[in-house]
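Coordinates in review
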Amino acid sequence: MARHLKLLVQRWSSRVFSVEVDGAPRYFGVREQLRGEPVPPDVFSEVQKQDRCYSLLVCSGDRVTGDRFHWELRDRLQTQLPPGSGLRSMSSFIPDQKGSLLKGYFLQSQAGNSSLIEDILTDLEQRNPVLVCSYSQSEDGQQWTQCLWYQSEENPVRFCVVPSETPKHHPSVLNMINSDVFYSLEEACDVLKQCGDIIPETRSVLGMLPSSLDARRKPDFPVIVIEGLDATGKTTLTESLRDSLGATLLRSPPQCLSAWRGRFDREPPLIRRAFYAVGNYITAEQINQEASKSPVIVDRFWHSTAAYAIATAVTGPVSNLPHEGAEVYRWPGDLLQPSLVILLTLDPEERKRRLRSRGLMKTDEEEELDHNKLFRLRVEEAYRRIVGPACTALDASPSADLVLQQALLLIRAKCHL
Ligand SMILES: Nc1ncnc2c1ncn2[C@@H]1O[C@H](COP(=O)(O)OP(=O)(O)OP(=O)(O)O)[C@@H](O)[C@H]1O
Ligand SMILES: Nc1ccn([C@@H]2O[C@H](COP(=O)(O)O)[C@@H](O)[C@H]2O)c(=O)n1
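Residues numbered from 1 in each chain as written. Chains lettered and ligands numbered in written order. Predicted model: local features only at pLDDT ≥ 70, side-chain atom pairs only at ≥ 80, totals over all residues. Heavy atoms only, no water.

Considerations on the nonpolar core
In this structure, V278, I287, F301, W302 and V379 are the most contacted members of the largest nonpolar core, which totals 62 residues. At the level of elements, helix 4 (185-194), strand 9 (223-227), helix 7 (258-265), helix 8 (269-290), strand 11 (296-299), helix 9 (302-313), strand 12 (340-345) and helix 12 (373-385) are the ones that each hand at least two residues to this core. Beyond its immediate chain neighbours, meaning those up to four positions away, I287 contacts V223, L250, V296, V298, F301 and L336. Of all hydrophobic cores here, the second largest spans 24 residues; its members include V9, F17, V47 and F106. (Core = buried A, V, L, I, M, F, W, Y, C linked by side-chain atoms within 4.5 Å. Buried < 20%, exposed > 50% of the residue type's maximum accessible area, 1.4 Å probe, protein only. Helix = DSSP H or I, 4+ residues; strand = E, 2+ residues; numbered from the N terminus. Contact = heavy atoms within 4.5 Å.)

Set out below in structure tokens:
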């Protein structure tokens, strides 16, 4: 077994395992010896006595390869596993230890399917950086045990499975910085550079970056960013503001990246978020140039990149988000700061009505906003928690003209235009 896997398993009992059930994580741990009465963790409560469970944790040392493999693995398992395997997302982490998160999947093997599932797992384990554990119930039905699957045929070391307290932070929070949310151009570029061989388009994207960036340069004219969920009226408002103020209208991601956006939208979060992060820096350079001549209006910027990334990385209710004031909500030190950020807010029913009447194709995330109320609430709350600058909320439900008048009032008050 590779050295890093050995180290990992030696610290097994300090790790917490988390399995997603109905969009919320359930936690358990493992101990070498059971102290006190056995209490099966609730993840196992609906598993039949003769069934086995398996966990697969991705253990690649290289995060780009690991994230892509984790992403593809779901599709592979969904197509290969027999029905009733109850495939769920899972992770393992050391509470409060940044960077300790390992991602993977948890599944059930019903008695009749066991050999088929074991063939799939053997093949996976032999060819890929994945650590498989199996879980079985003791004869008396009192206890679930975990063992590393590769050695289960020989003399397996069995760990007792025990319930674990809900940790202070959602597991994804541990790996969020510079995986989901990038705090410098350098970090985002590093990820894209590592993808050069597998995604040739990254070279063209990186080629769009200016040779130098100066975040401290203060633009001569105000820079106003308009943010909000899709169909809240950003396009309508930004175009009206451009006309009313004689401003330049820009957007993030910038027009010059349009050809490659779809390609990066199909990649796992690490790569997708790095693409959008780099897009903000390219837009920032365009802002710098235009804001020496006129006010600049920007349709989406950093708030969108960070809020969607944070809200997607965690699951469950808003209380699972990193707490208000956490590091993930701060503005990157090397990114131009706008003079004002206006967040358009809208009642979900009215937003749906506008979406329907517009009738355009929706991205996966837009679909998710529609179907998953918790996801929408997390995005909205993440928007509100980002600081440096924080956004100013504006009710987008009145007519387009009234929203424009309200936005102009805010801009005049804040930017003295
Ligand atoms: N204040 C308003 N009242 C009623 N309808 C509006 C208002 N503002 C915009 N709309 C309509 O709602 C729909 C969505 O607006 P718009 O395209 O401006 O939103 P958006 O935030 O830019 O969306 P996306 O982020 O998905 O591009 C459009 O059909 C638009 O005409
Ligand atoms: N600065 C940005 C802009 C957008 N995104 C991501 O794109 C999606 C929304 O874009 P629309 O063109 O549909 O408005 C959203 O899902 C964000 O993930 C971003 O990350 N950063």
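Next comes the rest of the account.
A closer look at the side chain of D299
Inspection of the secondary structure puts D299 in strand 11. We note that D299 is buried and unpaired, the nearest opposite charge coming from R251 at a distance of 4.1 Å. If near-sequence neighbours (up to four positions away) are discounted, D299 is found in contact with I226, K234, T235, T238, L250, R251 and S252. (Lys, Arg positive; Asp, Glu negative; His and termini not counted. Salt bridge = Lys/Arg side-chain N within 4 Å of Asp/Glu carboxyl O.)

Considerations on the sheet that holds strand 10 (residues 248-251)
With parallel pairing, the five strands of this open sheet are ordered in space as 10-11-9-12-13. Here the strands that pair on one side only, and so sit at the sheet edges, are strand 10 and strand 13 (392-395). Strand-to-strand, the axes of this sheet are offset by a mean angle of 25 degrees, without reference to chain direction. Where helix 8 meets the sheet, it contacts strand 9, strand 10 and strand 11, and its direction lies at approximately 170 degrees from that of strand 10. Across the face of the sheet, helix 13 (residues 400-415) comes into contact with strand 9, strand 12 and strand 13 while running at roughly 155 degrees to strand 12. (Pairing = 2+ DSSP bridges. Axes fitted to C-alpha atoms, helices over the stretch in contact; angles between N-to-C directions.)

Remarks on the site of ligand 2
Taken together, 14 residues lie near ligand 2, and R261, R300, T305, E365 and E366 sit nearest. Within the backbone of F301, an N or O atom sits 3.2 Å from a nitrogen atom of ligand 2. Contact with the protein chains removes 89% of the 460 Å² of surface that ligand 2 exposes when unbound. Going through the elements one at a time, helix 8, helix 9 and helix 11 (364-371) are the ones with two or more residues in the shell around ligand 2. Among the elements that make up the shell around ligand 2, the one with the highest residue count is helix 8 (four residues). Looking at the shell around ligand 2 residue by residue, the classes come out as four nonpolar, four polar and six charged. (Near = heavy atom within 4 Å. Polar contact = N/O pair within 3.5 Å; in protein donor to acceptor, adjacent residues only side chain to side chain. Areas by Shrake-Rupley, 256 points an atom, 1.4 Å probe, with all protein chains shown as cover. Nonpolar A, V, L, I, M, F, W, Y, C, P; charged D, E, K, R; others polar.)

These results come straight from atomic positions and should not be treated as a statement about function.
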